[in-house]
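Structural characterization, general
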Amino acid sequence: QSETIAANIKRAVAENNLANEVQVIKTGCFGFCEKGPVVKMVPDNTFYVQVTPGDADELVLEHLVKGRKVKRLLYVDPETHTAVSDSKHMDFYKKQLRIALRNCGFIDPENIEEYIARDGYSALGTVLEQYSPEKAIEVVKASGLRGRGGGGFPTGLKWELTRKSKAEQKFVVCNADEGDPGAFMDRSILEGDPHSVLEAMAICGYCIGADKGLIYIRAEYPLAIKRLKIAIEQARKYGFLGNDIFGSGFNFDVTIRYGAGAFVCGEETALIHSMEGKRGEPTVKPPFPAQCGYQGKPTNVNNVETFANIPVIFLKGADWFSNIGTPKSPGTKVFALAGKVNNVGLIEVPMGTTLREVIFDIGGGIKSGKKFKAVQTGGPSGGCLTEKHLDLPIDYETLVANGSMMGSGGMIVMDEDDCMVSVAKFYLDFTVEESCGKCSPCRIGNKRLHELLDKITLGQGEEADLSRLRNLATVIKDTALCGLGQTSPNPVLSTLDNFPEEYEAHVKEGK
Ligand code: SF4
């Protein structure tokens, strides 16, 4: 639909003889999915929502020709019932801080000059001209940036470990194999701002001593792939990829590898195997990819969102970045906010923002005036948090201490009508399907766990099944080989902890 809207606006602009004055640009996502498609007029920043192809003529005639806002397409504040024309004044955006998403919705991702106009590739130039690799790694370490793919490992330390591994050949890998149900953070960054990832990969290559970068991306992301390909070609043409970048003697180039959509390939050892043409199965660590990764060479793997933060850290400084968020989790996090919340969309908030702020201020509360029941953070690897957790600050440690995890950024909200046992079963359905089958705790244990949940939700469970569930979940967590299996029982354990009465009701009432 957005394509048709853009085409119709372009046609209307031409018909009104404005083609020399008005540019129609397709950007990446603005994040406000609930109100999309969005058309933004600049320079006055009027933000039109839920635009249809049929609105194009009116938008051009009223806004561009007559200089009047089209009131019916403006966002209406649900509390004050007044029309808001600038996104800066919308509750959805007020508490957000967009660092990784800074260019999404602002630039044409298919035009490198728009990225350059927003300081694109100047971080790379500064690093190559003014920093030794060691000094650049110190900057990343001082920023406190942690991996946004789920684990939260310190990025600078990861780079340092790969730098210290001695080898003729090293690799930089960008993990764009986003697999959480309902999550689309990485896709959105690649669709809206692919150059920021390429620039960061080149900086990483310089730091660790690699001249080759690989982006492992799901083949189901055709627009992201298309824009990445265009971005790589343009970056080569402008000399930001290739040989002797900025006349520094540093060579770096990027190629794309396609994933077939297996969730486990988000795990870095499985991802590397898949890139090598082998089965996408994890292996025991150590050795870590920093020592022995792609083709047996030292390899640094970071995800898309982690990389998207890197150029800004060099432009604005490690201190600037580390002062955002919390002391142990600096910076921001992108979340795909979904489920029973009014403002479904992609958001970016400083670490330390509370779940209440995310769900009620940014998310606009629960749909249809229903009561909040729970929120699942961390996708199928995370856990369900409840009313009592709403004022907890979102950071890596706090989420884990309360039975969930950050994960890559999926956040699904449940209301009073949702059965939490069925929610746990839904997530387990996913992990059973996605288990690679290499180790028995995950391959067999999760199947048995699923059978127990099936029995309980069909009203055929017995009291003893509840302790069986907990025991089995704990064994899987302690013994599975990789992160997928180790975290797969989290939805079961967290719902058992926070909603025991729902399990008991199924067992006692036989429903
Ligand atoms: Fe495969 Fe699951 Fe074992 Fe991970 S935990 S290696 S996904 S079977």
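Here the structure is shown first, and the text comes after it.
Residues numbered from 1 in each chain as written. Predicted model: local features only at pLDDT ≥ 70, side-chain atom pairs only at ≥ 80, totals over all residues. Heavy atoms only, no water.

Take the overall build of the protein chain next. Counting its regular elements, the protein chain contains 21 helices and 14 strands. Seen along its three principal axes, the alpha-carbon backbone of the protein chain occupies a region of about 75 × 60 × 40 Å. Looking at the protein chain residue by residue over its 511 residues, the buried ones come to 57%. Pairs at least 24 apart in sequence give 69% of the contacts found in the protein chain among residues at least 6 apart. Accessible area of the protein chain: about 20,800 Å², with a carbon and sulfur share of 51%. Computed over 59 positive and 66 negative side-chain charges, the separation of the two mean positions in the protein chain equals 2 Å. (Helix = DSSP H or I, 4+ residues; strand = E, 2+ residues; numbered from the N terminus. Buried < 20%, exposed > 50% of the residue type's maximum accessible area, 1.4 Å probe, protein only. Contact = heavy atoms within 4.5 Å. Areas by Shrake-Rupley, 256 points an atom, 1.4 Å probe, with all protein chains shown as cover. Lys, Arg positive; Asp, Glu negative; His and termini not counted. Charge placed at Lys NZ, Arg CZ, Asp CG, Glu CD.)

Strand order in the open sheet formed by five strands is β11-β10-β14-β12-β13, with mixed pairing between adjacent strands. Strands at the two margins of the open sheet, each flanked by one partner only, are β11 (345–350) and β13 (383–386). Neighbour-to-neighbour, the strand axes of this sheet turn through a mean angle of 30°, independent of strand direction. In this sheet, β11 lies alongside strand β10 (residues 332–339) in antiparallel orientation, the contact comprising six bridges. Within the sheet, the bridge partner assigned to Val334 lies in β11 and is Glu348. (Pairing = 2+ DSSP bridges. Axes fitted to C-alpha atoms, helices over the stretch in contact; angles between N-to-C directions.)

Judged by nonpolar contacts, the single largest core of 67 residues is most densely connected at Trp159, Leu198, Ile217 and Phe314. When residues of this core are assigned to domains, at least three fall in each of domain 2 (112–322) and domain 3 (332–415). In contact with Trp159, other than residues within four places in its own chain, are Ile137, Val140, Ala200, Ile203, Cys204, Cys207, Ile208, Asn300, Asn302, Phe307 and Ile310. Counting 31 residues, the second-largest nonpolar core is a separate cluster that includes Phe47, Val84, Leu355 and Ile366. (Core = buried A, V, L, I, M, F, W, Y, C linked by side-chain atoms within 4.5 Å. Domains from an automatic or database assignment.)

What follows concerns the site of the ligand. In the vicinity of the ligand there are 13 residues, among which Cys436, Lys438, Cys439, Cys442 and Cys482 approach most closely. More than half of the atoms of the ligand fall within 2 Å of the grid points belonging to the largest cavity. Residue composition of the shell around the ligand, by class: nine nonpolar, three polar and one charged. (Near = heavy atom within 4 Å. 1 Å grid on protein atoms, 1.4 Å probe; cavity = no way out; pocket = protein on both sides within 12 Å on 5 of 7 lines; lining within 4 Å. Sits in = over half its atoms within 2 Å of the grid points. Nonpolar A, V, L, I, M, F, W, Y, C, P; charged D, E, K, R; others polar.)

Among the residues making up helix α5 (residues 122–130), those that are buried are Ala123, Leu124, Gly125, Val127 and Leu128. Those residues of α5 hidden inside the fold are in contact with α6 (133–143), α9 (194–208), β7 (242–245), β8 (250–259) and α12 (304–316).

This brings us to the layout of surface pockets. To find the voids left in a structure, one rolls a probe of water-molecule size over its atoms. In this model, the second largest pocket occupies a volume close to 1,200 Å³. In terms of lining, the second largest pocket is formed by 39 residues, of which the most central are Ile25, Lys26, Thr27, Phe30 and Val38. Here the element with the most residues in the lining of the second largest pocket is helix α1 (residues 2–15); it accounts for six residues. Its residues assigned to classes, the lining of the second largest pocket shows 21 nonpolar, ten polar and eight charged. (Points joined across faces, edges and corners; volume = space filled by probe spheres on them.)

This next bit is on the sheet that holds β7. One open sheet accounts for five strands, arranged β7-β8-β6-β5-β9; its pairing is mixed. A strand with exactly one partner marks an edge of an open sheet, and here the two such strands are β7 and β9 (299–303). For this sheet the average axis-to-axis angle between neighbouring strands, irrespective of direction, equals 25°. With six bridges connecting them, strand β5 (residues 171–176) and strand β6 (residues 212–218) associate as parallel partners. Directly across from Val172, in β6, lies its bridge partner Gly213.

With that settled, consider the pairing of strand β12 (residues 372–377). Among the six residues that make up β12, six are buried, leaving the element largely enclosed by the rest of the structure. Summarising the sheet, β12 and strand β14 (residues 410–415) pair through five bridges and their orientation is antiparallel. Looking across to β14, one finds that Phe372 is bridged to Asp415. Relative to β13, β12 is paired through four bridges, and the arrangement is antiparallel. If you follow Val375 over to β13, its bridge partner there is Leu385. Count of turn residues in the β12/β13 antiparallel hairpin: five residues, of which Gly378 carries a positive phi of about 85°.

The next point concerns the side chain of Glu502. If you trace the backbone, Glu502 turns up in helix α21 (residues 500–509). Of the residues examined, Glu502 reaches a relative accessible area of 14% and is grouped as buried. With residues near it in sequence (within four places) discarded, Glu502 still touches Lys373, Asp418, Cys419, Met420 and Val421.

Let's shift gears to empty space enclosed by the protein. If you walk through the whole model with that rule in mind, you get one cavity of 30 Å³ or more. Considered as a void within the structure, the largest cavity measures approximately 90 Å³ in volume. Val264, Pro282, Ser435, Cys436, Gly437, Lys438, Cys439, Cys442, Leu481, Cys482, Leu484 and Gly485 together form the lining of the largest cavity. Residues that form the lining of the largest cavity fall into these classes: eight nonpolar, three polar and one charged.

The analysis is restricted to geometry; functional conclusions fall outside its scope.
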